[in-house]
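# Observations on the model geometry
These are the residues of each chain, in order.
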Amino acid sequence: MRAWNRFVSWLRAVTQRSRMEGEMDAELRFHIETFAEDLVRSGVPREEALRRARIEFGGIERAKEECRETRGVNHLEALAQDVRYGLRMLRKNPGFTAIAVFTLALGIGANTAIFSLINTVLLRPLPYKNADQLVTVWGYNRTRGFTTNLVSPLDFADWRSQNLVFEGMGASTDVTYTLTGTGEPALLIAYSFSSEYFHVLGVAPLLGRTFLPEEEEPGKNHVVVLSYSFWQNRFGRNPGIVGQGITLDGAPYTVVGVMPAGFKYPPRTELWTPLTAIPEAANHRDYRYLRVMARLKPGVTLQQAQTEMNTIAARLALAYPKTNKDEDLTNLIGLREIISGDIRPALLVLLSAVSFVLLIACANVANLLLSRAAGRRREVAVRAALGASRARLVRQFLTESMLLGLLGGAFGVSLASLCTRAMVTMFPPTIFNLNIPHVEQIPIDGWVLGFAAAVSLITGAVFGLVPALQAGANTNGSMKETSRGQAGGARGSRFRSALVVAELALSLILLTAAGLTLRSFVYLLRGNLGFNPEHVLTMRVLPPSSKYKTGAQLIEFSNRAVEQIQSIPGVKAAGTVTFLPLSGWQGSRSVALEGQAIPQNQRPMALWSSVTPDYFRAMGIPLLEGRFFGERDNQDAPGVAIISKSLARKIVPNADLLGKRTNVDGVKGAVEIVGVVGDVHHLGITLEMTSEIYLPFAQAPPPILCFAIRTEEDPYGVAKAAERAIWNVDKNQAIAFVMSMSQLAAESLAPQRVMMLMLGAFGGMALLMAAIGLYGVIANSVAQRTHEIGVRISLGARPGDVLKLVLGQGLGLVLIGVGIGLGGAFVLMRFVSSLLYGIRPTDPVTMGGAALVLAAVALLASYVPARRAMRVDPMVALRYE
Amino acid sequence: MDKQMELLQGTLDMLILKAVSLGPLHGYGILLRIQQISKDRLEIQQGSLYPALYRLEHQGWIASEWGESENKRKAKYYRLTAAGRRKLQTEAEKWNRMADLIEGILGTTAEEV
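Owing to the predicted nature of the structure, the values given are computational and were not obtained by experimental measurement. (Residues numbered from 1 in each chain as written. Chains lettered and ligands numbered in written order. Predicted model: local features only at pLDDT ≥ 70, side-chain atom pairs only at ≥ 80, totals over all residues. Heavy atoms only, no water.)

Turning next to the packing of helix α2 (residues 17–41) of chain A against helix α3 (residues 46–58) of chain B. Each packed pair of helices is defined by two parameters, the angle between the axes and the distance between the axes. For the pair α2 of chain A and α3 of chain B, interaxial distance at closest approach is 12 Å and the crossing angle is 145°. Handedness of the α2 of chain A/α3 of chain B crossing: right-handed. Residue-level inspection shows Met24, Glu27, Leu28, His31 and Phe35 of chain A of α2 of chain A in contact with α3 of chain B, the latter providing Gln46, Leu49, Tyr50 and Tyr54 of chain B. Each residue belonging to the contact of α2 of chain A with α3 of chain B can be placed in one class, and the counts come to six nonpolar, two polar and one charged. (Axes fitted to C-alpha atoms, helices over the stretch in contact; angles between N-to-C directions. Helix = DSSP H or I, 4+ residues; strand = E, 2+ residues; numbered from the N terminus. Left-handed = near helix turned anticlockwise from the far one by under 90°. Contact = heavy atoms within 4.5 Å. Nonpolar A, V, L, I, M, F, W, Y, C, P; charged D, E, K, R; others polar.)

Here's what the structure looks like:
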């Protein structure tokens with residue numbers, strides 16, 4: 001109650017200021033006038049009475065001030081005063097302000113940028129209702145080591161009907177469509193959703209509706225729900241789109257709904273169609289191709305659901321041992337985790353790096369403030385003499401540093417928004433499934449701004465506290481003009497030296513991290529992909545099954561297209577492959593030599609692709625043994641295959657495989673191995689080489705053709721001609737991802753490249769700031785020791801001696817900093833190791849190199865003031881007493 | 001007449017509460033009332049009276065309203081609130097206990113130790 005009373009009184013005081021002031025005036029005037037009247041009554045003359053009354057009352061203004069203070073009005077008033085005064089002080093020292101604000105802007109900007117990235121990838125709420133209840137459910141095959149196995153329709157049906165933990169379950173599979181009828185044919189990335197999928201996600205359509213259960217049946221399934229971006233780009237947000245038709249794969253589809261703008265699941269999906277189970281899946285429990293999304297019932301934890309699903313999977317494994325023996329487990333992964341992918345460790349490293357940068361910036365600005373405080377001693381003394389309390393002075397100094405922090409923060413946010421544009425390139429849109437989250441933009445939203453404001457204020461308090469306390473402690477200091485050799489000087493400069501040592505140590509740690517990622521990136525760049533990415537143009541073509549119903553049609557299409565492309569001037573070789581390396585597309589099958597009695601579930605797995613004869617030549621994949629495919633390996637010829645080196649080693653170590661026959665899952669009859677080729681880094685250079693098996697396209701034609709075209713000059717030079725060649729064969733065929741192999745290779749390293757650039761930038765910033773800090777300390781000490789140096793010179797010290805004296809001081813700090821930094825780097829770099837390739841986190845060359853760079857720059861920073869010390873004129877220095 | 005005494009630290013609040021407990025008064029009136037009860041033996045800094053009044057009002061022990069004074073002017077009158085009455089009581093008890101204690105200490109003779 002009392003607190004409330006006080007609050008109301010405070011509120012009234014703050015909000016009704018002028019009224020309160022008026023009342024206070026009236027009250028005091030009443031007092032003095034009544035007092036004067038009493039004096040007049042006791043015989044004092046009227047004029048004299050008022051004067052006497054005023055004098056006896058005492059300081060009226062002071063009384064008013066104290067009255068105001070009782071109501072807490074003064075805090076606000078004082079703050080405004082401090083802010084005004086602080087701004088004036090900052091304006092008076094533009095050089096100091098500029099350096100401090102710039103330093104802080106770097107530190108806060110870097111932190112804000114990384115936070116905005118973390119906010120986008122890890123923190124921002126997903127655009128689904130209660131998104132933390134959403135989990136993806138996968139099969140888990142322990143024998144094979146498949147932790148996120150796709151699910152068969154039959155298993156899915158049992159999971160859905162038997163579980164008690166999910167509110168709903170939906171299944172999906174990725175599909176592609178060729179859109180025709182609106183300009184150039186376009187390849188669309190789409191998903192087929194079971195009818196409950198949208199309900200599980202909890203997102204309602206913007207227009208129309210989502211799918212009805214009966215629309216999963218063949219014949220009724222030619223309906224489509226559009227994504228907002230597709231609706232916007234293709235139909236100009238036509239509100240009457242629902243009910244209209246579009247042509248997908250040459251067949252008519254009816255638009256039944258449009259999803260809202262924020263909804264794009266899975267990422268990159270342009271439209272959705274109903275999920276109709278493949279007929280073969282109706283009686284094959286091992287026909288696994290579905291991705292399952294489920295919503296936990298309220299109160300059910302992920303662990304409980306996991307236990308329940310494992311029980312169901314174990315029961316199915318018992319009931320259907322033939323197909324499910326090794327599928328007796330499941331794997332539940334939260335949607336958020338699936339979406340953010342493998343980026344978490346990288347983000348944590350970046351976050352620690354920027355917090356180091358901020359610490360260095362803080363130390364630097366604290367140093368600046370301390371050296372400026374020396375120059376403000378007189379000001380402090382004057383203010384103390386005029387009645388400012390110590391607390392008031394500390395508050396004044398803190399206000400100033402917080403102002404600096406906020407100014408730095410404001411510039412920092414602008415820096416950060418520039419930085420976010422660079423960071424988006426970390427997530428190239430052309431790469432699929434390489435464990436990189438899909439990020440189209442990194443917004444600076446309210447959370448990011450709040451973060452920046454909080455960091456700015458905290459930063460201001462951190463770097464301002466010690467200088468403020470020191471300034472406050474100086475209130476009894478002298479107003480004398482000279483104050484050389486003050487008692488506090490030694491302690492102050494020791495503190496400043498400690499700050500610089502910390503800066504040097506932190507920068508060394510950052511430099512080491514930057515050096516390691518740089519060397520690791522160079523290692524990746526130099527790494528052999530297993531093929532030659534230079535001068536190769538790629539494009540992806542998916543002939544629609546509605547038009548290309550038989551393998552023969554696909555073979556004809558491919559033969560004619562490859563032939564046309566090969567006749568383009570400047571093309572050296574052209575071929576097609578099902579799954580282009582580095583594209584993120586892949587398929588795997590089990591392989592076993594004919595006659596080897598290995599159970600299906602223990603056979604080695606290999607990535608497979610169907611290729612046309614010239615594919616290997618176009619990609620530059622070397623032939624190690626035997627021969628490439630040729631024209632003779634056609635539909636009527638005996639089945640053949642080419643395997644990669646590591647698969648050869650896996651199947652039969654140390655034996656000649658040529659001419660041996662092998663069984664490949666999904667291929668009828670055994671095929672003869674006619675060649676062995678080199679391994680490629682199909683999944684990206686950061687991952688292991690993969691075992692591959694290649695089949696001739698003419699014998700196993702899938703409806704996916706990725707063209708690889710080796711050119712003499714710039715691969716993009718033939719892009720238009722190659723597209724025309726394909727449209728000569730089929731004018732309605734969509735062509736997607738026209739890009740050079742080297743670009744694809746570069747994009748597959750995008751996260752590593754951005755990581756390297758960012759750590760390099762942070763290391764550079766840290767180095768620069770530490771150098772500035774060291775320079776400040778040495779320059780300050782030279783200035784303080786001018787007198788001493790003058791004495792030394794007049795006593796016979798040569799310039800070289802002075803140089804040694806000053807450089808020695810700098811070198812001492814550098815050595816301590818490097819020592820601590822190396823120790824820190826040794827301990828901390830193990831947290832970076834998951835981001836490194838081909839280099840140990842404690843690589844001595846990198847550490848030594850970083851230490852040398854730091855020492856060289858630091859010595860340079862102390863050399864500048866040392867030269868100034870050398871030129872001290874002893875006469876001037878001694879006279880200046 | 002006794003020499004005027006300076007007010008002990010912290011006792012002004014108690015005296016103000018006592019003064020207004022006898023009936024609503026304006027600031028100047030409170031000053032006069034205290035001087036009158038103390039038979040002019042207490043010297044109160046006039047300037048320090050108002051901050052004390054504002055503080056007591058802020059804490060809710062006295063309340064104020066504008067009224068007309070004896071000399072027909074607008075004046076701000078202070079009166080004791082219920083909380084203020086309780087406060088005055090506890091403060092007075094505390095004061096008496098303290099006074100007894102101090103008196104006891106100061107009155108101690110050598111034989112009693």
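Structure shown, so let's carry the discussion forward.
Next up on the list: the sheet that holds strand β2 (residues 25–26) of chain B. All names here are of chain B. Spatial strand order, β2-β5-β4: three strands in an open sheet with antiparallel pairing. Of all strands in the sheet, those bounded by a partner on one side alone are β2 and β4 (62–68). Note that β2 and strand β5 (residues 74–80) share two bridges and pair antiparallel. Looking at the pairing, histidine 26 lines up with tyrosine 77 of β5. Sheet strands in contact with α3 are β4 and β5, and its direction is about 55° off that of β5. (Pairing = 2+ DSSP bridges.)

Moving on, we get to the environment of proline 696 of chain A. All names here are of chain A. On the secondary structure map, proline 696 appears in strand β20 (residues 692–696). Between the C-alpha atoms of proline 696 and alanine 281, which are 415 residues apart in sequence, the distance is 27 Å. In this view, proline 696 contacts Ser610, Val611, Phe629, Asp633 and Val640; residues no more than four positions away in its chain are not counted.

Residues and elements named next belong to chain A. Counted according to the given criterion, the structure contains 25 aromatic pairs over all chains. Measuring from ring centre to ring centre gives 6.0 Å for phenylalanine 198 and phenylalanine 263, while their planes differ by 45°; the resulting arrangement is tilted. Here the residue phenylalanine 198 occupies a position in helix α8 (residues 197–201), and phenylalanine 263 occupies one in the loop between β8 (251–258) and β9 (271–274), the gap between them amounting to 65 residues. Phenylalanine 263 carries the same exposure label as phenylalanine 198, and that label is buried. Judged by centre distance (5.6 Å) and plane angle (70°), the ring pair of tyrosine 228 and tryptophan 231 falls under edge-to-face. Taken together, the residues span about one helical turn, with tyrosine 228 and tryptophan 231 both in helix α9 (residues 228–235) at a distance of three residues. Residues tyrosine 228 and tryptophan 231 agree in their burial class; the two are buried. (Phe/Tyr/Trp six-rings, centres within 6.5 Å; stacked < 30°, edge-to-face > 60°. Buried < 20%, exposed > 50% of the residue type's maximum accessible area, 1.4 Å probe, protein only.)

Turning to the interface of chain B and chain A, a few remarks are in order. By a widely used convention, the size of an interface equals the accessible area lost when the partners come together. Chain B puts 25 residues into the contact, and the matching count from chain A is 24 residues. A buried area of about 2400 Å², summed over both sides, lies between chain B and chain A, and 55% of it is on carbon and sulfur atoms. In terms of surface lost to chain A, no three residues of chain B exceed Tyr28, Tyr54 and His58 of chain B, which account for 32% of the buried area on that side. On the surface where chain B and chain A come into contact, there are three salt bridges. For glutamate 27 of chain A, the salt bridge goes to lysine 76 of chain B, with nearest N and O atoms at 3.7 Å. At the junction of chain B with chain A, the criterion picks out nine residue pairs in polar contact (both at pLDDT 80 or more). Looking at the side of chain B that touches chain A, the elements with two or more residues in it are α2 (27–37), α3 and β5 of chain B. Counting residues per element, the side of chain B that touches chain A draws most heavily on α3 of chain B, at nine residues. (Buried area = accessible area lost by both parts, 1.4 Å probe. Salt bridge = Lys/Arg side-chain N within 4 Å of Asp/Glu carboxyl O. Polar contact = N/O pair within 3.5 Å; in protein donor to acceptor, adjacent residues only side chain to side chain.)

Take the packing of helix α22 (residues 741–748) of chain A against helix α23 (residues 750–784) of chain A next. All names here are of chain A. Running from N to C, α22 and α23 cross one another at 55°; their axes reach a closest spacing of 4 Å. Regarding the angle of α22 to α23, the classification is oblique. Contacts between α22 and α23 involve Ala746, Glu747 and Ser748 from the first element and Ala750, Pro751, Gln752 and Arg753 from the second. Of the residues in the contact of α22 with α23, the class split is three nonpolar, two polar and two charged. (Parallel < 35°, antiparallel > 145°, perpendicular 65-115°, else oblique.)

With 25 residues, α2 of chain A extends 36 Å from end C-alpha to end C-alpha; this agrees with the ideal 36 Å at 1.5 Å per step. Directly after α2 of chain A, the chain includes glycine 43 of chain A, whose backbone phi takes a positive value near 105°. (Expected span 1.5 Å × (residues − 1).)

A few words now on the nonpolar core. Grouped together as the largest cluster of nonpolar side chains are 56 residues, with contacts concentrated most on Tyr615, Phe616, Ile621, Ile643, Ile693 and Tyr694 of chain A. Listed in part, the 47 residues of the second largest apolar core include Ile114, Val354, Ala416 and Phe762 of chain A. (Core = buried A, V, L, I, M, F, W, Y, C linked by side-chain atoms within 4.5 Å.)

Residue and element names in this part refer to chain A. In the predicted model, chain A carries a mean pLDDT of 87, and 95% of its residues have values of at least 70. When mean pLDDT is compared element by element in chain A, helix α19 (residues 615–619) scores highest at 97, while helix α1 (residues 2–15) scores lowest at 69. Scored below 50 in pLDDT, residues 478–488 makes 14 contacts in the model with residues more than four places away or belonging to other chains. (pLDDT = per-residue confidence, 0-100.)

For the rest of this paragraph, the subject is the pattern of salt bridges. The tally for this structure, following the rule as stated, stands at 28 salt bridges over all chains. Of the charged contacts, one joins arginine 285 of chain A and aspartate 155 of chain A as a salt bridge, the two residues approaching to 2.6 Å between their closest N and O atoms. With arginine 285 of chain A in the loop between β9 and β10 (291–296) and aspartate 155 of chain A in helix α7 (residues 153–162), this residue pair connects regions lying 130 residues apart in the sequence. According to the relative accessible area criterion, aspartate 155 of chain A is buried, its value standing at 5%. With its nearest N and O atoms 3.6 Å apart, the salt bridge here joins lysine 94 of chain B to glutamate 91 of chain B. With lysine 94 of chain B and glutamate 91 of chain B both in helix α4 (residues 82–106) and three residues apart, the pair spans about one turn of that helix. In the salt-bridge network here, residues are joined through shared partners; they are Asp155, Asp158, Arg285, Arg288 and Glu327 of chain A.

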